Amino acid sequence: MVVIVKKKTRKDEKLEIIRAEDLWEPVGPTPMPDLADLRNWDMRLLKTYKPFYAPFCDLCCFCTYGKCDLTGEQGGACGIDMPTQQGRIVLLACCGGVAAHGAHGRHIIDYLIEKYGEDYKIDLGTQVAVEAPIIRTVLGLKPETLGDLKKAIEYVERGLIHLVSSLHTGQEGSDLDYESKALHAGMLDHVALEVTDIAQIVGFSFPTSIADTPLVDFGWGVVDKTKPVILCIGHNPATATSIIDYLNQNNLQDEVEVCGICCTALEVTRYSKAAKVIGPLSRQLFFVRSGVADVIVTEEQCIRADTSLEAKKAGSALIAASDKACYGLDNVTEKEADEIVKEMVEVGKQVLILVPEKAAEVAVKVAIKIARQREKELIEASQVPELVQECHNCRICDRNCPNLLPVGEAVEQAGKGNLEKLIEVFNKCLGCGKCEQDCPRNIPILKLMQAVASGETFKLRSGRGPIHDVEIRKVGAPIVLGTIPGVVAFVGCSNFPEEIDEVAEMMEEFARRKYIVVASGCAAMAAATKKDAEGKTIYEKYPPDFDAGGVLNVGSCVANSHIAGAAIKIANIFAALPLRANYEVIADYILNRVGACGVAWGAYSWKAAAIATGCNRWGIPVVVGPHSSKYRRLYLSRKEEDDWTVMDGRTRQLVDTQEPSPEHLINVVESKERAIVTIAKLCIRKNDTPQGRQIKLNHYIALHKQYLGTLPDDLHLFIRRTTDIPIFFKKEVMEYLQKVGWKEKPVLTLPTLIGTYPSKVPLEAVIH
Amino acid sequence: MSIPYHYVNVPTGFKTARIIEDASEYAHLIKRARRPLLLLGPLTLRISLNGRLLMEYGVDIAKAANIPVCATAHTKKKLLELGVTPESTYDIIEIINHLKDKEWRGVKKEGNHDLVMFLGFRTDLGQQGLSTLKHFAPHLRTMTLCKYYYPNAAYSLPNLKDDKWGEFLENLIANLKEKGV
Amino acid sequence: MAGMFPVDVGPQYEGEAIRKADFYVEFGGPDVKSKFELVTLKTMNEVEHEKIEVVGPDIPELTEGGSYPLGILIDVAGSEIEKEMEPVFERRIHLYANYIEGFWHMAQRNDIWMRLHKNSYKKGLNSLKEIGKILIFLYTSEIPIIEKISTTFITDEKKVEEFLPKALEVYKARDERLKGIREEDVEEFYSCSLCQSFAPTHICIATPERVANCGAINWFDGRAAYKLDPEGPVQEVKKGECLDPIRGEYSGCNELAVVKSLRSYDRVYLHSAFEHPHTSCGCFQAICFYIPEADAFGIVHRDFVGNTVMDVPFSTMAGQTSGGRQVEGSLGIALEYLRSPKFLQADGGLYRVVWMPKEIKERYKEATPQDLYDKIATEEDVTNADELVDFLKRVGHPWVKGEVELPV
């Protein structure tokens, strides 16, 4: 008998993984896309939004043929040129981001599957039926269990190895193709984000399907210093939630303070509203040095590499709880908890414990024991002059500061008893400590700041997870008819150029103008640093609904998936476009028709680079602050020179709209004033109805006048017919249009890039 | 070897700026240029020298040598108050994006610029922008007017204290006003 | 806009509520007997352009915290303005007033209610003349066919009471005109494509007896919108031949459907939920849904919380109804359509409605025949289709009893 075994192709494998036979939607053209599957879409994006490179370093030092200075016409010994090398480094950063988010996700999935099993069901509550818009679109899988989430992470891991491989010497030779891979990495990153946050919500019972999540306490002064204090730093909530559990189980919840820095803080406050948020990354060193924490528990990502040293200096105990950051400490995971406690309390040993529950138990016990023995004294204003006595104004601190702050002057003035400048510097301080590192007189600058840092409590909205399907349905009409001028998301790290509360100011500007304002991560925390005249933060002032004038915190950085997810859900729930394995159509829809804009004012990390690049592939533009010029690459158009032709899906004709909307995919802006104006402009889309365009232009014009003093210099590019002109400015604008010789332009209802480049996707797919 | 004032701007390759301390030499370079362009950054709104806003020095330089101005960030408003209408309001990255294209027609549509001057930007952002032009705009030269050494510029001042800097700028303006190259 | 007016003006102030404790003064509203607003078309000679008059005390003469009567008279003149545009212009008062920072306007006609925020008063919005200036600025900016415009604010109580009956007469005349008109009486309907961005195959048709699904555009609105912006999203549609007067099928609408729906359908019934129902995008105010167990219809509106009698909430049903497709038994409608004499005419009209949310039922009480009102179930009466069928039998709903004849 002859047995014919049918060969299984890679495509068959994919269809099996995504359960293609389960027809919740037909499977689109690109299930689980590989590196080159969406390349044509990338190239189309890059044609309009060309890579702009600002090399951070002239050299390539990646292999032993180097170092190679790539300036001018010189190439590297391997033949690489400067633009390609920059693209390569950008991809490296994005891969690092994918790995960070993906590994965090993998950790959580493995941990939860061990606890609950692969068949543990995903349920995000009654308000979220489209549970995983990103996984549905990218993979074509509707995840129902933790096991399904594991499949998604495996897909990410598989793609990552290929991407990292292309970084090797003698791989990619085109900057555009490195960018295409970076965009692919960004897409994988978003899958990893979604996997992680869904797993966390489901595994740790974080709030979901609730908009009105509790307001929690934020600020370095919110901690009750008279109690034992445990500080969690990092991004993985397994340990932090275990600490909360341990306290609750042993009735110690009122006895011990649990606080967090960075994403862990946002996660643990989704788990327990008694936990406190100290602040974003920029407050890490400051708080550690204050010695307020009795026990510091670190897991992974964005933790200072010298935490072990700093903890010792401050007299705080240290438990490292992740294999990503072991600090050279002994791995005592196998030892008995009480034995570990003894060593830590009696001889001050710092340890590595890789089981969250054990780390939690040890942390609590040690905290209670050593808190009794520790003095927690903070520097007061009166002590400052003495501490500053030795300063001889060499200004080496100024020169070391990565935020270019006048630290020396602030210290000098503080020595004379005038603390004004020191307060200003503290509000802009990134908390790196470089000012102190080289100080020849060892002035304890970060400690001095304790005297001026406001110990006030601010209210921060705890993370709420995904946007609700019902919310999406409700805002669909207002977005179309124009009462909602856009969705603006403030995300990313705290490497801010100026005061930490600039983010709060920018958010307020858009909330009061009835945009939908969303925040996440360190930016969500920075948003809580400003109080109005009535003492309210932006979260207390505006409702937490995904609606006009609403201000939401989706959660930690992995919750950024819900922001892209919201844009995807608009395409699906409101416009009834199928998601399944349909990336190109959905991204095309978002680019052309969803007025959303991301703002990463203080991005610093590789993770942020991956998230932003992932947003770009979806068609969401991002504005970044000046430090982000150091990422080396932006995606910019030149509005008046470039081609803004799109396909009109209704008439099937190409139309030259001459309208740069959005103008850039990622752009560096130096000042918050210019950022605000740019954000308003970046929410304009080609399919705006006349009412919608009026409202958007009303804000763009009003803001431009307020901050730059005149009508926008490119206004004529955004007016298609006179019905686009906002009523209030109509007379002025009509005069201006006449002056510049403006001519009417077509109004499109179905603008699409499909049909303007080679693609497997038929034009019909855009209309469904 | 000169060290930038802000250590984050440490040079990383062979090609670094020519440091010029003599205002008349700066003036000569500016007058020799066929189509200079002055970029004003937001720090011109915040820095004062001898009781005058840095932006006013920028305006004087532009007027003395008839140099078109690109008002980046939100500098346009103050510039208008000082009676100057900038030829462009592209933001810093946007203007650099245009400048690096040899074929671009420039802010006055007369042809791209051959000397680009920077005044009033944060040094880290300035250094990055200058990097783009250093590597990708061989058709032009860059010149910085702030009191910091910018390794990525073509021509840069050394690190200066405020008094010397103010002196330099005044001398530069005086030199520019003189007839002849 | 800095400098032009004492406060900011823009669409972001729409929907800004002013609490009792925060208003400087209040005009109209439930505590005041006499109030009205009226726009009248006059001849060019009759209007003094940009004249603003206050008859009676102005705001500084009023006591802080008080509620006062007010009549707003706006006279317009222009060679292209038609009398029918008066109500359209009048509704602009609401829009423009709400654009003003710290000024709130509610309702219309003789129901108006306005509040001025203390903060805006302090900033300098302290006279009705200032309000008048802003209104005139917005009118002349937006509507070029207004060649002359003047406003009068009457705050003298006696004079308001004196003028009120005249205003009421004008309103009544307008309503009579509206009520009287039927689809048979006109040659053109109006189509609106505002939502096509979200539903490319959807086109809405407004007739004198059918309001657009979103509720924002009736036939008169459509007419005015088309006149003001002939290239805009609202277009005139010649109804053509009436192919089926019961179901509301017109050759003109069918031809339009072919073009506007990108050929996805070529026939539309304006007044039936079966065979060729009118499509929706996603912004309809309510859904008229078929209940198989009762062979009748239910109505559910957007704000309804919880499950309908079909055991699913509005949002689930909306998914079926939306997207520009003709879905039998699932019709997106404006709530005002319930009042239309042709409501669901082919399928039995209101007499075939067996379930409605309590809120809607009460709101449209006078539109419902008396012998039917108590026989329509709400969420308080039944929770699922089985209970509904029992209820209907118990109360003797005319449709269930077989007493309703479908028109032929």
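Residues numbered from 1 in each chain as written. Chains lettered and ligands numbered in written order. Predicted model: local features only at pLDDT ≥ 70, side-chain atom pairs only at ≥ 80, totals over all residues. Heavy atoms only, no water.

With that out of the way, let us pick up the overall build of chain B. Secondary structure summary: chain B contains 6 helices and 8 strands in total. Reading chain B from its N terminus to its C terminus gives the helix and strand order β-α-β-β-β-α-β-α-α-β-α-β-β-α. Relative to the compact-globule value of 16 Å for 181 residues, chain B shows a C-alpha radius of gyration of 15 Å, a close match. Dimensions along the principal axes, computed over C-alpha positions, put chain B at roughly 40 × 40 × 35 Å. In chain B, buried positions account for 59% of the 181 residues. Contacts spanning at least 24 positions in sequence make up 67% of the contacts within chain B whose residues lie at least 6 apart. Carbon and sulfur atoms make up 48% of the accessible area of chain B, which amounts to about 7300 Å² in all. Positive and negative charge centroids in chain B, built from 25 and 19 side chains respectively, lie 4 Å apart. (Helix = DSSP H or I, 4+ residues; strand = E, 2+ residues; numbered from the N terminus. Rg over C-alpha atoms; globule rule 2.2 N^0.38 Å. Buried < 20%, exposed > 50% of the residue type's maximum accessible area, 1.4 Å probe, protein only. Contact = heavy atoms within 4.5 Å. Areas by Shrake-Rupley, 256 points an atom, 1.4 Å probe, with all protein chains shown as cover. Lys, Arg positive; Asp, Glu negative; His and termini not counted. Charge placed at Lys NZ, Arg CZ, Asp CG, Glu CD.)

Attention shifts here to the packing of helix α5 (residues 146-165) of chain A against helix α6 (residues 175-204) of chain A. All names here are of chain A. Their axes nearest at 9 Å, the elements α5 and α6 cross at an angle of 155°. One finds that α5 runs roughly antiparallel with respect to α6. Note on packing geometry: the crossing formed by α5 with α6 is left-handed. Note on element contacts: α6 touches α5 through Lys181, His184, Ala185, Met187, Leu188, Val191, Ala192, Val195, Ile198 and Ala199, opposite Leu149, Ala152, Ile153, Tyr155, Val156, Gly159, Leu160 and Leu163. (Axes fitted to C-alpha atoms, helices over the stretch in contact; angles between N-to-C directions. Parallel < 35°, antiparallel > 145°, perpendicular 65-115°, else oblique. Left-handed = near helix turned anticlockwise from the far one by under 90°.)

What follows is about the sheet that holds strand β10 (residues 204-206) of chain C. Residue and element names in this part refer to chain C. Spatial ordering of the open sheet is given by β10-β9-β11, a layout of 3 strands whose pairing is antiparallel. The sheet terminates laterally at β10 and β11 (234-238), the two strands that pair on one side only. When the angles between neighbouring strand axes are averaged without regard to direction, this sheet yields 35°. By the bridge criterion, 3 bridges tie strand β9 (residues 188-192) to β10 in an arrangement that is antiparallel. Directly across from Tyr190, in β10, lies its bridge partner Ala206. Strand contacts of helix α5 (residues 219-228): β9, β10 and β11, with the helix running at about 80° to β9, the strand carrying the most contacts. Against the sheet, helix α6 (residues 251-260) engages β9, β10 and β11, with an angle of about 130° to β11. (Pairing = 2+ DSSP bridges.)

Residue and element names in this part refer to chain A. Of the consecutive residues Gly66 and Lys67, the connecting peptide bond is found in the cis state with omega at 15°. With respect to the helices, strands and loops of the structure, Lys67 is situated in the loop between β2 (59-60) and β3 (68-69). Even without glycine at this site, Asn251 takes up a positive phi of about 55°. Its place among the elements puts Asn251 in the loop between α7 (237-249) and β6 (257-261).

Contact with chain B, which involves 43 residues of that partner, is made by 51 residues of chain A. Between chain B and chain A, the buried area comes to about 4200 Å², and carbon and sulfur atoms account for 51% of it. The interface formed by chain B and chain A contains 5 salt bridges. Across the salt bridge formed by Glu498 of chain A and Arg46 of chain B, the nearest N and O atoms sit 2.8 Å from each other. Linking chain B to chain A there are 32 residue pairs in polar contact (both at pLDDT 80 or more). (Buried area = accessible area lost by both parts, 1.4 Å probe. Salt bridge = Lys/Arg side-chain N within 4 Å of Asp/Glu carboxyl O. Polar contact = N/O pair within 3.5 Å; in protein donor to acceptor, adjacent residues only side chain to side chain.)

Right, let's talk about a negative patch on the surface for a bit. Residues Glu293, Asp386, Glu387 and Asp390 of chain C make up a contiguous surface patch of negative charge. When you line up the elements, Asp390 of chain C lands in helix α10 (residues 385-395). (Patch = residues over 30% accessible without salt bridge, like charges linked within 9 Å, V, L, I, M, F, W, Y side chains within 5 Å.)

Turning our attention to the arrangement of the chains. In this assembly, 2 pairs of chains are in contact, and the pair with the greatest number of contacts comprises chains A and B. At no point do chain B and chain C touch; the closest pair of C-alpha atoms across them sits 13 Å apart.

Before going further, it helps to examine the interface of chain A and chain C. On the side of chain C, 41 residues touch chain A, which itself brings 36 residues to the contact. A combined buried area of about 3400 Å² lies between chain A and chain C, and 62% of that area is made up of carbon and sulfur atoms. It is Arg650, Ile727 and Phe728 of chain A in chain A that bury the most area against chain C; as a group they hold 24% of the surface buried on that side. Here chain A and chain C share 1 salt bridge between them. Asp229 of chain C is the salt-bridge partner of Arg721 of chain A, the closest N and O atoms lying 3.0 Å from each other. For the pair chain A and chain C, the number of links is 6 residue pairs in polar contact (both at pLDDT 80 or more). Where the side of chain A that touches chain C is concerned, the elements lending two or more residues are α19 (469-481), α23 (561-574), α24 (583-593), α27 (690-708) and α28 (730-739) of chain A. In terms of residue count, α19 of chain A provides more of the side of chain A that touches chain C than any other element does, 7 residues in total. Its residues assigned to classes, the side of chain A that touches chain C comprises 16 nonpolar, 9 polar and 11 charged. (Nonpolar A, V, L, I, M, F, W, Y, C, P; charged D, E, K, R; others polar.)

Glancing now at the environment of Ile61 of chain B. Residue and element names in this part refer to chain B. Along the chain, Ile61 falls in helix α2 (residues 54-64). For Ile61, a relative accessible area of 0% translates into the label buried. Note: C-alpha distance between Ile61 and Ile173 (112 residues apart in sequence) is 5.5 Å. Contact partners of Ile61, with chain neighbours within four places excluded, come to Ile67, Met117, Leu145, Leu169, Leu172, Ile173 and Leu176.

Using the criterion set out here, one finds 99 salt bridges over all chains in the structure. A salt bridge links Lys639 of chain A to Asp714 of chain A, with the shortest nitrogen-to-oxygen separation between them at 2.9 Å. Of this pair, Lys639 of chain A sits in the loop between β18 (633-636) and β19 (645-648) while Asp714 of chain A sits in the loop between α27 and α28, placing them 75 residues apart in sequence. Judged by its relative accessible area of 10%, Lys639 of chain A falls in the buried class. Arg115 of chain C is paired through a salt bridge with Glu26 of chain C; the nearest N and O atoms lie 2.7 Å apart. Of this pair, Arg115 of chain C sits in strand β7 (residues 113-117) while Glu26 of chain C sits in strand β1 (residues 23-28); the two residues are 89 residues apart in sequence, bridging distant segments of the chain. Since its relative accessible area comes to 11%, Arg115 of chain C is described here as buried. Via salt bridges that share partners, Arg106, Asp110, Glu154 and Glu157 of chain A belong to a single interconnected network.

Any functional reading would require information that these geometric values do not contain.
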